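Coordinates in review
What follows is each chain in one-letter form.
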2 protein chains.
Amino acid sequence: MSGRYTVLTGGVGGAKLVDGLYRLLPANSLTAIVNAGDDFRHFGLPISPDIDTLLYTLSGKSNQKLGWGREGETWSFMEAVRSLGGEDWFNLGDGDLALHVMRGMALDAGETLSAVTARFAAAWGLALNVVPMTNDAVATWVESDEGPLPFQRYFVERQCQPKVKSVSFDGAATARPAPGVIEAIRSADAVLIAPSNPWLSVDPILAVPGIRAALADCAGPVIAVSPLVDGKAVKGPTAKLMSELGLAISNDTIGGHYADFLNGLIVHNDDPASDSVAVARTDTMMRNPTDRERVARAALEYAKKLRK
Amino acid sequence: MSGRYTVLTGGVGGAKLVDGLYRLLPANSLTAIVNAGDDFRHFGLPISPDIDTLLYTLSGKSNQKLGWGREGETWSFMEAVRSLGGEDWFNLGDGDLALHVMRGMALDAGETLSAVTARFAAAWGLALNVVPMTNDAVATWVESDEGPLPFQRYFVERQCQPKVKSVSFDGAATARPAPGVIEAIRSADAVLIAPSNPWLSVDPILAVPGIRAALADCAGPVIAVSPLVDGKAVKGPTAKLMSELGLAISNDTIGGHYADFLNGLIVHNDDPASDSVAVARTDTMMRNPTDRERVARAALEYAKKLRK
């Protein structure tokens, strides 16, 4: 597989597809445009959960058992925070803190989020571009039956229990795509949409002015991997959220959601297809590196087919 | 022992005397005025080494083996910092980070250093006043044969190896004593000067306008515990520094240094006395809690005698 590829991704599930693509493709041929709508300040430190999950996953540092954070992590910081009466609804591992502290120092000194992210990726020997969707502040908010909630309060503190009425992206209207984002989409041999939550993880990226238009205009095909498996979400609140938003939990809904730019959808085995877009099929469950490569290969081969 | 006592202290050695006093005295009868000249920002976080050493020591959290930091500390943060190419000359333990991160958040929100410090002490159940000398920025600088060095660069990074020509306290001239400092000195039944380095750890406190005058004016006696044992410094650069400053390494020099306000000096066993001030004697080595109580008791008894 050669060429230049771009993938739009959120957190854990998306990182698995990016990992599969990174394993298959030659060095420096992949750009990952990462959701930054989950980013927030906690203890005054700038946390970028999806960027960090991707960096940990690609560098082999992710915690397989927890499903988030770092392998071999220690928790002395949180223990001391609790002893001082500090907030403990959001767990920050000791090693994980290094990224937030060093990012905070860099941002406060005027470095951009994309520059810091590239520096971290290079320090860990990663041969791909990891780019936040924007260097401007965009914050995902969930309008719920308990009122408006910042994303992490909904997702981590409230464990996705409140019923979602709508999702919005504060600051998106005036945000600019990070340097290289539009070019990486327009010039890609194919753009892939990772099986991240379309409403919570991919929509924030699409909300940055210029990105949706670039996807509609890009030379190569745009292919999404459906987050649904056997008609259910593999992980996280996707199915619950779709239901609360009054949407059918189906690949038809997923395909329709991306209709203005999508050329193909990868669906799980014999799950029902989508009326709004062509589909290709593979086992989309990604339990291990072999699975990740299989799904990545299916997406790249489907892209090649659609390019003809 | 009843009454109200105030102690001026620096880091590790001073914290041992404060611990001894805290063990002997009734709850809430002790005020510790702590050197903040060693404070600095590192990774953007405000580090207050002497305050934290005192909090760790009094709450039974200090690392006996290292002689600094927390018992049972982990080091995942520093490991991750190194993997990202960050500075590693100053070690920050994972649990220790909680104080710096929470202090940074509080200071950035406009809380004073003394308010944060009181909050931390209360959270750990400490029944004494722990007060920084000032809430204003005062930074100890060492003028050395390698040029001017901020205190931590001299002390930690260069391990006190440069030869010291003079010591200065940047910002001291316009600093105000923290709330309660002057009152705690004036109203004390006795003021004790801990066996901390007079030039590096006690002088920054004395450099804050108003503190030296309060010591000279205070009702009770002012008693110092000499940092010299058998004519040598127990720990740290005291003797080396005295020699570089052209001073005799003797209790006479120590007594003379505090001459304008000192009423008595506690010296080690049969070490030579001081020409400039009356002395009392005890074994001043503090290896364990019993030692700490013995030295504290000697200081308090000497205070009682001098009050008569």
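Quick summary incoming for the structure in this document. (Residues numbered from 1 in each chain as written. Chains lettered and ligands numbered in written order. Predicted model: local features only at pLDDT ≥ 70, side-chain atom pairs only at ≥ 80, totals over all residues. Heavy atoms only, no water.)

With respect to the packing of helix α1 (residues 12-24) of chain A against helix α12 (residues 289-307) of chain A
Residue and element names in this part refer to chain A. Using the following cut-off: Here an axis means a line fitted to C-alpha atoms, over the contact stretch when the element is a helix, while the angle between two N-to-C directions is reported on a 0 to 180 degree scale. Comment: elements are numbered from the N terminus, with helices defined as DSSP H or I runs of at least four residues and strands as E runs of at least two. Oblique is the label for any angle not under 35 degrees, not over 145, and not in the 65 to 115 range, which are roughly parallel, roughly antiparallel and roughly perpendicular in turn. Contacts were defined at the residue level, with two residues in contact if any of their heavy atoms lie within 4.5 Å. When residue character is reported, Ala, Val, Leu, Ile, Met, Phe, Trp, Tyr, Cys and Pro are called nonpolar, Asp, Glu, Lys and Arg charged, and the others, Gly included, polar.
With their axes 7 Å apart at the nearest point, α1 and α12 run at an angle of 80° to one another. Classed by the angle they form, the pair α1 and α12 counts as roughly perpendicular. Taken together, the residues of α12 that come into contact with α1 (itself represented by Lys 16, Leu 17, Asp 19, Gly 20, Leu 21, Arg 23 and Leu 24) are Pro 289, Arg 292, Glu 293, Val 295, Ala 296, Arg 297 and Leu 300. When its residues are assigned to classes, the contact of α1 with α12 shows 7 nonpolar, 1 polar and 6 charged.

What to know about the sheet that holds strand β14 (residues 279-282) of chain A
Residue and element names in this part refer to chain A. Put simply, the test is: Following DSSP output, two strands are said to pair if at least two bridges run between them.
Strand order in this open sheet of 7 strands is β5-β2-β1-β9-β10-β13-β14, and the pairing throughout is parallel. Looking at the sheet topology across the chains shown, the edges are occupied by β5 (129-132) and β14. In this sheet, neighbouring strand axes are inclined to one another by 20° on average, regardless of whether the strands run parallel or antiparallel. Packing against the sheet, helix α8 (residues 198-206) makes contact with β1 (5-9), β2 (30-34) and β9 (190-193), and its axis sits at approximately 125° to β1.

Structural notes on the packing of helix α1 (residues 12-24) of chain B against helix α2 (residues 49-58) of chain B
Packed helices, taken two at a time, are described by their axes: the angle between them and the distance between them. Residues and elements named next belong to chain B. This is how the line gets drawn: Should the near helix be turned anticlockwise from the far one by less than a right angle, the crossing is termed left-handed; should it be turned clockwise, right-handed.
Viewed as axis vectors pointing N to C, α1 and α2 meet at an angle of 40°, and their least axial separation amounts to 9 Å. In terms of orientation, α1 and α2 fall into the oblique class. Seen along the crossing, α1 lies across α2 with a hand that is right-handed. Here Val 12, Ala 15, Val 18, Asp 19 and Tyr 22 of α1 lie close against α2, whose contacting residues are Thr 53, Leu 54, Thr 57 and Leu 58.

Structural notes on the packing of aromatic side chains
Applicable threshold: Pairing of aromatic rings covers Phe, Tyr and Trp, the last through its six-membered ring, and needs centres within 6.5 Å; plane angles under 30 degrees mean stacked, over 60 mean edge-to-face, and all others mean tilted. Exposure classes here rest on a 1.4 Å probe applied to the protein chains alone. A residue is buried below 20% of its type maximum, exposed above 50%, and partly exposed in between. Think of it as a cone above the ring: NZ of Lys or CZ of Arg counts as a charge over the ring if it is within 6 Å of the ring centre and within 35 degrees of the ring normal.
Tallied over the entire structure, the rule returns 16 aromatic pairs over all chains. Ring geometry for Phe 43 of chain B against Phe 77 of chain B: centres 5.7 Å apart, planes inclined by 90°, an arrangement best described as edge-to-face. Of this pair, Phe 43 of chain B sits in the loop between β3 (40-42) and β4 (45-47) while Phe 77 of chain B sits in helix α3 (residues 76-83), and the two are 34 residues apart along the sequence. Each member of the pair, Phe 43 of chain B as well as Phe 77 of chain B, is classed as buried. The ring of Trp 124 of chain A carries the charged tip of Lys 61 of chain A above its face, separated from the ring centre by 4.1 Å.

Overview of the relation of the copies chain B and chain A
For the record, the criterion: Only residues with pLDDT of at least 70 in both copies contribute their C-alpha atoms to the least-squares superposition of the copies.
With an RMSD of 0.0 Å, the fit of chain B onto chain A corresponds to turning through 180° and sliding 0.0 Å along the axis. Expressed as a symmetry operation, the mapping of one chain copy onto the other fits a two-fold axis. Nearest to the rotation axis, the C-alpha of Asp 94 of chain B is located 2.8 Å from it, this being the minimum over chain B. In this assembly, 100% of the residues forming the interface of chain B have copies in chain A that are likewise at the interface, indicating an isologous arrangement.

Some words on the pattern of salt bridges
Selection criterion: A side-chain nitrogen of Lys or Arg and a carboxyl oxygen of Asp or Glu constitute a salt bridge if their distance falls within 4 Å.
Under the definition given, this model contains 32 salt bridges over all chains. Between Arg 119 of chain B and Glu 111 of chain B there is a salt bridge, with its nearest N and O atoms 3.0 Å apart. What you see here is one network of salt bridges that share partners, running through Asp 283, Arg 287, Asp 291 and Arg 294 of chain A.

Focus on unusual backbone geometry
Residues and elements named next belong to chain A. Positive phi values are uncommon outside glycine, yet Phe 43 reaches one of about 55°. For Phe 43, a relative accessible area of 6% puts it in the buried group. You will see that Gln 159, though not glycine, has its phi angle at about 50°, which is positive. Among the structural elements, Gln 159 can be located in the loop between α6 (151-157) and β8 (164-170). A residue is classified by how much of its surface remains accessible, and Gln 159, at 54% relative accessible area, is exposed.

What about helix α2 (residues 49-58) of chain A?
Judged by how many residues are buried, α2 of chain A sits mostly within the fold: 10 of 10 residues are covered. Along α2 of chain A, the residues classified as buried are Pro 49, Asp 50, Ile 51, Asp 52, Thr 53, Leu 54, Leu 55, Tyr 56, Thr 57 and Leu 58 of chain A.

Looking at the side chain of Asp 52 of chain A
Relative to the helices and strands, Asp 52 of chain A resides in helix α2. In this structure, Asp 52 of chain A is in contact with Asp 96, Leu 99, His 100 and Arg 103 of chain A, ignoring residues within four places of it in sequence.

Structural notes on the nonpolar core
For the record, the criterion: The definition of a nonpolar core used throughout is a set of buried Ala, Val, Leu, Ile, Met, Phe, Trp, Tyr and Cys residues joined through side-chain atoms within 4.5 Å.
Ranked by size, the top nonpolar core spans 112 residues in total, and within it Phe 77 of chain A together with Phe 77 of chain B carry the most contacts. Sequence-distant contacts of Phe 77 of chain B, defined by excluding residues within four places in its chain, comprise Asp 94, Gly 95, Leu 97, Ala 98 and Val 101 of chain A together with Phe 43, Leu 92, Asp 94 and Leu 97 of chain B.

Some points on the interface of chain B and chain A
For an interface, size is often stated in terms of accessible area lost upon the parts coming together. Note the following rule: Put simply, buried area is the surface a 1.4 Å probe can reach on two separate parts but cannot reach once they are joined, added for both. Under the rule applied, a polar contact is a pair of N or O atoms within 3.5 Å (in protein, one hydrogen donor and one hydrogen acceptor; residues adjacent in sequence only if both atoms are side-chain atoms).
Opposite the 24 residues of chain B that make contact, chain A presents 24 residues. Across the chain B/chain A interface, buried area totals approximately 2,000 Å², and carbon plus sulfur atoms make up 77% of it. Between chain B and chain A we count 7 residue pairs in polar contact (both at pLDDT 80 or more) in total. At the level of secondary structure, the elements contributing two or more residues to the side of chain B that touches chain A comprise α3, α4 (94-108) and α5 (113-123) of chain B. With 8 residues, the top contributor of residues to the side of chain B that touches chain A is α4 of chain B. Here the residues of the side of chain B that touches chain A sort into 15 nonpolar, 6 polar and 3 charged.

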